Every structure is written in C-alpha cells, then in structure tokens.
Amino acid sequence: MAKFKLDEVDHQILDMLIENTRTPFTDIAKKLLISAGTVHVRVKKMEDAGIIKGSSLTLDYVKLGYSFIAYVGIFLEKTHQTKFVLERLNQIPYITVAHITTGKFNIFCKIRAKDTKHAKEIIFKVDDIDGVSRTETMISLEESINDKRRLMHTIFNDL
C-alpha cells in the first residue's frame, strides 16, 4: 500500500481537528487562509485514504461518576483461547481497551469503574471467564500524559 503524502496544510488541518474534532471547516479555512471547500476536499481525501477514521468525543468520566481506572493483565490457560476470551471481555462494558500482548500477559485491558468495589466486581467477572487462569491488576493513580498531538507532530517530522 502506497504511503499517502501529507503536506503542511494537511498537517495544520489535522492539528486543529485533533484539538477539537468539531471545529467547523470554515474556521479552519479562515485560520489557514484557504477556502472551506479546500478544507472539505482535503479532509475527504484523508478519510478516503484511511488516515482519518471517524471522529471521537471525549467524555469527562469523573463527572459521570467513573473516576477509577485500572489495568488488568490476563493470563490464559492456553493461547488458542484468546479469541474466545476477547469475545467475553467485549461483553463487559467497563472494559474500554484490550490488547493481545507478548511478554508477561496474554491480554492487557483497561477498565473504568465507579470505585474499588465496582472494579473488584469487574475483575471477578474477568476471572470467571473460561480460559482465564488468573489476572494481575494495576490501579491508575493519575493519567499524567494523554497527548495525541505530540505523536502526530513526530510522525509529520518523520515523513
């Protein structure tokens, strides 16, 4: 698959959309001194190329009562059970991310809960899945870095 070429205008458009995906194309156009139609065409090309995949909404989970974050490393009895276990994990809505990993764990998950009691209930559900031999949990004390823009700028510099 050929690499899609991005120029400086594309970088600036992406930078503004990463900051706020709801920024109107007309506002982006004014800041970049280009037409809104140009912004629309460029965003559409990046969507068609798979560089932009939808847009996302960031919720304040603390305000919604879900301030507890933990990471759960899952050990499987057999690696061929991975797909089955992932299907079961996907049925637990408080598991927001799951990765198949190398190293110590077979699967590594992020859970979001109301409090420690709620997290314990979620972790016990994970432990009860057939094929899970045990889990190891790490509690997040604080999310200190969550910066998509830094990575994007590094990638742009590498292109």
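Residues numbered from 1 in each chain as written. Predicted model: local features only at pLDDT ≥ 70, side-chain atom pairs only at ≥ 80, totals over all residues. Heavy atoms only, no water.

**With respect to the UniProt feature "domain: HTH asnC-type" (unreviewed entry) in the protein chain**
How we decide: UniProt positions are given in the numbering used here, feature names are shortened, and annotations may be inferred rather than shown by experiment. Segments assigned H or I by DSSP are reported as helices when at least four residues long, segments assigned E as strands when at least two residues long, and all are numbered from the N terminus.
The feature "domain: HTH asnC-type" (unreviewed entry), as given by UniProt, occupies residues 6-67 in the numbering adopted here. Measuring from the first to the last C-alpha atom of residues 6-67 gives 38 Å, for a span that is 53% helix and 0% strand.

**As for the pairing of strand S3 (residues 107-113)**
In plain terms, the rule: Note on classification: 1.4 Å probe, protein chains only; a residue is buried when its accessible area is under 20% of the maximum for its type, exposed when over 50%, partly exposed between these limits. We call two strands paired when DSSP finds no fewer than two bridges between them.
S3 sits mainly inside the fold: 6 of its 7 residues count as buried. Of the strand pairs in this sheet, strand S1 (residues 68-76) and S3 are connected by 7 bridges, and their pairing is antiparallel. Bridge pairing links Gly73 to Phe108 in S3. Of the pairings in the sheet, the one linking strand S2 (residues 95-100) to S3 comprises 5 bridges and is antiparallel in character. Paired with Ile95 across the strands is Ile111, a residue of S3. The hairpin formed by S2 and S3 contains 6 residues between the paired strands, and Gly103 there has a positive phi angle of roughly 95°.

**Re a nonpolar patch on the surface**
Which entries qualify depends on this criterion: Note on patches: the residues involved have over 30% relative accessible area and no salt bridge, like charges join within 9 Å, and the nonpolar side chains Val, Leu, Ile, Met, Phe, Trp and Tyr join within 5 Å. Here the Shrake-Rupley method, with its probe set to 1.4 Å, supplies the accessible areas, and only the displayed protein chains count as covering residues. By definition here, a salt bridge exists when the distance from a side-chain nitrogen of Lys or Arg to a carboxyl oxygen of Asp or Glu is within 4 Å.
Among the surface-exposed residues, Leu57, Leu59, Tyr61 and Leu64 lie close enough to one another that they form a single nonpolar patch of about 410 Å² accessible area. Tracing the backbone through its elements, the reader meets Leu59 in the loop between helix H3 (36-48) and S1. Note on Leu59: relative accessible area 42%, which makes it partly exposed.

**Focus on the packing of helix H1 (residues 8-19) against H3**
Let me state the cut-off plainly: Axes here refer to lines fitted to C-alpha atoms; in helices the fit is confined to the stretch in contact. Angles between the N-to-C directions go from 0 to 180 degrees. In what follows, roughly perpendicular refers to angles from 65 to 115 degrees, roughly parallel to angles under 35, roughly antiparallel to angles over 145, and oblique to any angle outside these ranges. Any two residues whose heavy atoms approach within 4.5 Å are treated as being in contact. Ten residue types, Ala, Val, Leu, Ile, Met, Phe, Trp, Tyr, Cys and Pro, are classed as nonpolar, four, Asp, Glu, Lys and Arg, as charged, and the remainder, Gly among them, as polar.
Where H1 contacts H3, the axes come no closer than 11 Å and their chain directions differ by 85°. The angle between H1 and H3 places the two elements in the roughly perpendicular class. From H1, Val9, Asp10, Ile13, Leu14 and Leu17 reach across to H3, where they touch Val39, Arg42, Val43 and Met46. For the contact of H1 with H3, a count of residues per class yields 7 nonpolar, no polar and 2 charged.

**Details of the packing of aromatic side chains**
Stated formally: Note on aromatic contacts: the rings of Phe and Tyr and the six-membered ring of Trp form a pair at centre separations within 6.5 Å, being stacked when their planes are under 30 degrees apart, edge-to-face when over 60 apart, and tilted otherwise.
Enumeration according to the criterion identifies 4 aromatic pairs in this entry. Considering the side-chain rings of Tyr71 and Phe108, the 6.0 Å spacing of their centres and the 5° angle between planes classify their relative orientation as stacked. Of the two residues, Tyr71 sits in strand S1 while Phe108 sits in strand S3, which places them 37 residues apart along the sequence. For the pair Phe75 and Phe105, a centre-to-centre distance of 5.1 Å together with 65° between the ring planes defines the contact as edge-to-face. Placement of the pair is Phe75 in strand S1 and Phe105 in the loop between S2 and S3, with a sequence separation of 30 residues.

**A word on the sheet that holds S2**
Sheet architecture is open: 4 strands sit in the order S2-S3-S1-S4, paired in antiparallel fashion. This sheet does not close on itself; its edge strands, each paired only once, are S2 and strand S4 (132-139). On average, adjacent strands in this sheet sit at an angle of 20° to one another, irrespective of strand direction. Sheet analysis places S1 next to S4, joined by 7 bridges and oriented antiparallel. The residue bridging Phe75 from the neighbouring strand is Arg134, located in S4. Seen against the sheet, helix H4 (residues 82-89) touches S1, S2, S3 and S4 and runs at an angle of roughly 10° to S3.

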